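Take a look at the letters that make up each chain.
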Amino acid sequence: MSATATCCQPAEKPIALGTKGFRIALAGNPNSGKTTLFNALTGLRTQTANYPGTTVERRAGRFNGCEVIDLPGLYDLQAMSEEERIAVAVLTDKPDAAIVVADSMNLSRSLFLVSQILEKNVPVIVALNMMDLAEDAGVQIDPGKLAAELGCDVVPIVARSGRGLDNLNRAIERVKAARLPARPVATCGACSDCRFQTRYAWTDAIAGRCTQHTREPANKWTERLDQYLTHPIVGVLAFFGVMLAVFFLIFHIAHIPMDLIDALFSGLGSWIAQRMPESDLRNLLVKGVIGGMGGMLVFLPQICILFFCLSLLEDTGYLARAAFVMDRLMRRAGLPGKAFVPLLSAHACAIPAIMATRVIEDKRDRLVTILVLPLVSCSARIPVYSMLAALLFAHDAWRASLVFTGAYTLGLVAAITAAFVLKRTVLKGETRPLVLELPGYKMPSLRTAALMTFDRAGVFIKNAGTIILVISIALWALATYPKSPPPPEAVALQQQAATLTGTPAGELQAKADRLISHNALANSAAGRVGRWIEPVLKPLGFDWQIGIGIISSFAAREVIVSTLAVIYGVGEDVAEKNPDSLYDSLRKAERSDGRKVFTTATCASLLVFYVLAMQCLSTQAITRRETNSLKWPVFQLVYMTVLAYVGSLIVYQALRAFGVS
Amino acid sequence: MTIGSTTNSLVATLRIRKKVMNEAPMMPVPTHLYLNEIPSGAHAVVHRIEAADEAMHRLMAMGLCVGRELEVVRQGNPLILRILGARIGVSSRLARHVVVTLS
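Residues numbered from 1 in each chain as written. Chains lettered and ligands numbered in written order. Predicted model: local features only at pLDDT ≥ 70, side-chain atom pairs only at ≥ 80, totals over all residues.

(A) Geometry of the overall build of chain B. A count of helical and extended segments in chain B gives three helices and six strands. Counting helices and strands in the order they occur from the N terminus, chain B gives α-β-β-α-β-β-β-α-β. The buried share among the 103 residues of chain B stands at 33%. Residue pairs at least 24 apart in sequence account for 57% of intrachain contacts in chain B once pairs closer than 6 positions are excluded. (Helix = DSSP H or I, 4+ residues; strand = E, 2+ residues; numbered from the N terminus. Buried ≥ 20, exposed ≤ 12 C-beta atoms within 10 Å, placed from the backbone. Contact = placed C-beta atoms within 7 Å.)

(B) Inspection of the sheet that holds strand β4 (residues 66-70) of chain A at higher detail. Residue and element names in this part refer to chain A. In space, the seven strands of this open sheet follow the order β2-β3-β4-β1-β5-β6-β8, with mixed pairing throughout. Strands with a single pairing partner mark the edges of an open sheet, and in this sheet they are β2 (46-50) and β8 (153-156). Taking the axes of each pair of neighbouring strands and ignoring which way they run, one obtains an average angle of 25° across the sheet. In this structure, strand β6 (residues 124-129) lies alongside β8, joined through four bridges in parallel fashion. Bridged to Ile125 within β8 is Asp153. The strands that helix α6 (residues 143-150) touches are β6 and β8; relative to β8, the one it contacts most, it runs at about 155°. (Pairing = 2+ DSSP bridges. Axes fitted to C-alpha atoms, helices over the stretch in contact; angles between N-to-C directions.)

(C) Highlighting the interface of chain A and chain B. Contact with chain A, which involves 27 residues of that partner, is made by 27 residues of chain B. Only α4 (107-118), α8 (195-210), α14 (318-331) and β10 (435-438) of chain A provide two or more residues apiece to the side of chain A that touches chain B. For the side of chain A that touches chain B, the element with the highest residue contribution is β10 of chain A, accounting for four residues. Its residues placed into classes, the side of chain A that touches chain B shows 15 nonpolar, six polar and six charged. Taken together, the four bridges between β10 of chain A and strand β5 (residues 86-90) of chain B define a ladder with antiparallel strand orientation. In the strand pairing of β5 of chain B, Leu436 of chain A is matched with Gly89 of chain B. (Nonpolar A, V, L, I, M, F, W, Y, C, P; charged D, E, K, R; others polar.)

(D) Main features of helix α19 (residues 397-422) of chain A. Residues and elements named next belong to chain A. The end-to-end C-alpha separation of α19 is 37 Å, in line with the 38 Å expected for 26 residues at 1.5 Å each. All of the buried residues in α19 are Val403, Ala407, Gly411, Ala414, Ala415, Ile416, Ala418, Ala419 and Leu422. Those residues of α19 that are buried are in contact with α15 (340-345), α17 (363-372), α18 (382-392) and α29 (600-612). (Expected span 1.5 Å × (residues − 1).)

(E) Highlighting the sheet that holds strand β4 (residues 79-83) of chain B. One open sheet holds the seven strands; their spatial order is β10(A)-β5(B)-β4(B)-β3(B)-β2(B)-β6(B)-β1(B), and the pairing between them is antiparallel. Strands with a single pairing partner mark the edges of an open sheet, and in this sheet they are β10 of chain A together with β1 (32-34) of chain B. The sheet shows a mean angle of 40° between the axes of neighbouring strands, taken without regard to direction. Sitting on the sheet, α14 of chain A touches β10 of chain A together with β5 of chain B, and the angle it makes with β10 of chain A is about 140°.

(F) Summary view of the environment of His47 of chain B. All names here are of chain B. Secondary-structure assignment places His47 in strand β2 (residues 43-49). In this structure the C-alpha to C-alpha distance between His47 and Thr101, which are 54 residues apart in sequence, comes to 6.3 Å. If we ignore the near neighbours within four places in the chain, the residues touching His47 are His32, Val66, Val99, Val100 and Thr101.

(G) Region of interest: the packing of helix α12 (residues 280-297) of chain A against helix α20 (residues 446-480) of chain A. Residue and element names in this part refer to chain A. One can describe the packing of α12 onto α20 by two numbers: an axis separation of 9 Å at closest approach and a directional angle of 140°. Accordingly, the angle class assigned to the pair α12 and α20 is oblique. Of the two possible hands of crossing, α12 and α20 adopt the one that is right-handed. Contacts between α12 and α20 involve Asn283, Leu284, Lys287, Gly288, Val289, Gly291, Gly292, Met293 and Met296 from the first element and Ala464, Gly465, Ile468, Leu469, Ser472, Ile473, Trp476 and Thr480 from the second. (Parallel < 35°, antiparallel > 145°, perpendicular 65-115°, else oblique. Left-handed = near helix turned anticlockwise from the far one by under 90°.)

(H) Quick look at the pairing of β4 of chain B. All names here are of chain B. Of all five residues in β4, four are buried, a share of seventy percent or more. For strand β3 (residues 69-74) and β4, the ladder comprises three bridges, and the chain directions are antiparallel. Paired with Glu71 across the two strands is Arg82, which belongs to β4. Sheet topology places β4 next to β5; five bridges connect them, and they run antiparallel. When the bridges of β5 are listed, Ile80 appears paired with Gly89. In sequence, β4 turns back onto β5 through a hairpin of two residues, with Leu84 there showing a positive phi of about 55°.

Okay, here's the thing in structure tokens:
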């Protein structure tokens, strides 16, 4: 390492980039078009992972036999934030070349980063991006002059349209052929007390010498739109309008592929069921593997639509405005404005919401957001809410919709309150003040959005898929073993059915099957655990059968509906095709002492439990990935379970005290 | 003589006054304000930065350093600044630590 590189920066442990081939690090300011260039170069040939031991995403792809590593978006290399430390570490590992994406509309600031990377003694190619926008705005930059000033290649490009990429490729080839040692370049020697001032004086001077303004640069569209979109009141209303549109897409369009996936997996299940003899293996395949995978993949359309929309919104420049207008409101809860998009996304699914928290710079702010997101009512809770609303207010759509509104409100209020409390206890600290660039509005790139969606879907399947598969099999085993012989009544019914023919025989046989599966579940390990935890659940108004439902839905909330269908003898298939018959049976269900199981107090208590409890292992798997530790998913599980227990306890006991049974 | 000396002193006074008036803009008149106190649309030059946390470093890396001219596009919390042609949203909590001179 040269003297210039060490004088400002602390020594960083280099991060190995990989050993094969020619390695190019791609750096640039946020909003400089770095990701667009990365996508244009690498397309689908990318890999996403975290830098080892961190929560910073590492995207790498292949281009022309080179490995391209997309560094986090940077303004500075001073190693203040984790992103900057990683970028320094990667550059210290001496990639064979660094492409620095410079924004032509903001040359001086781009050069601030370029000059620091030049000092790392890595061969640098400056990709002067958005030349078209600059020309439109009356800014002319002389690339030749700039190259002479900086002592490195400068290639004008338009990453969005692909203009200039052939020249960029030629510049890479030149570096490749020569395996150039970094030239001793013009350095600003900014090691004085105010390094910002000195370095900026240098970049301002160079930018000034290389730029000609043909007219006053202005982005009239951005100015005009921002008058409204950053307005304290109009801006907030506009934000809710935009999010409403996104939600409309998520809930009204996603259900088509969701139904398709659902049909595909249940079709696959019955196809296997027909072709395999009745055995544990068949049950494992149908219920454990296919059921579990289907239950996870059914949320994929929502996740994809959400990421697609968010990527488009981000690309237009709107998302920065959303964070800007929400900042003041969110700060009261101790969260930054950027946390609001994840908080809204969590109404569809907590998983994409947690992945979307990467935009929050401050680690503590981000962690608090991740921890509270699962409290927001996601779409997996809808079947549970539907069931409980029907049990509470049968045939009264108006009151049933109040149940939904209440549950969603409770979830959002709980999330914001939990954030407020966490910021004052476990994760004490002031919310980081907002510093956020509001880039000029532009047309979004469908290609970038599609690649982003593809990438996120891969992360979801890889991380949530494996754990869901393991847990589905484990839960299936819990609900299946140890086996018990069919109950005497069922045997009697079967014998009776054997003497009859036609429909009556079928009905008796079906009744016997329901009794057998009820008996099997009741005597399985899950049933025993349900009985064992009944004393704990009793103060909440739950009996051991609801206990089984809670255990079986530990990995995915919506499973409680089918479990209750089995345990209350309706049969899974019937409950799916005709939910009313399930609700009727549940309404009639009685405890051993003859009292009804699903009283108003029990239903209300169960509703509160499902609003507040964690009960989703896919989310936990993503929390683990995004926090890079086991501690936080465990903390999340514990605090939410305690919250759910206490909440249900209060509701049940209060309702009982007021005479509502 | 009295008149002459009076005239002379008057001319001298006027000369001094004129000199003072010419020099007045160059004298360090204390017009320093905090960035969160100046109105929307105002242009100002950064005079002093009174914080050194991570958020302030980010702002400085974006070009807000001593001597830089900037514009307050929209005052408020958060406020919008124009620095080097870029629009940047900043918490007023951070703007309270930046001393500027109106230009």
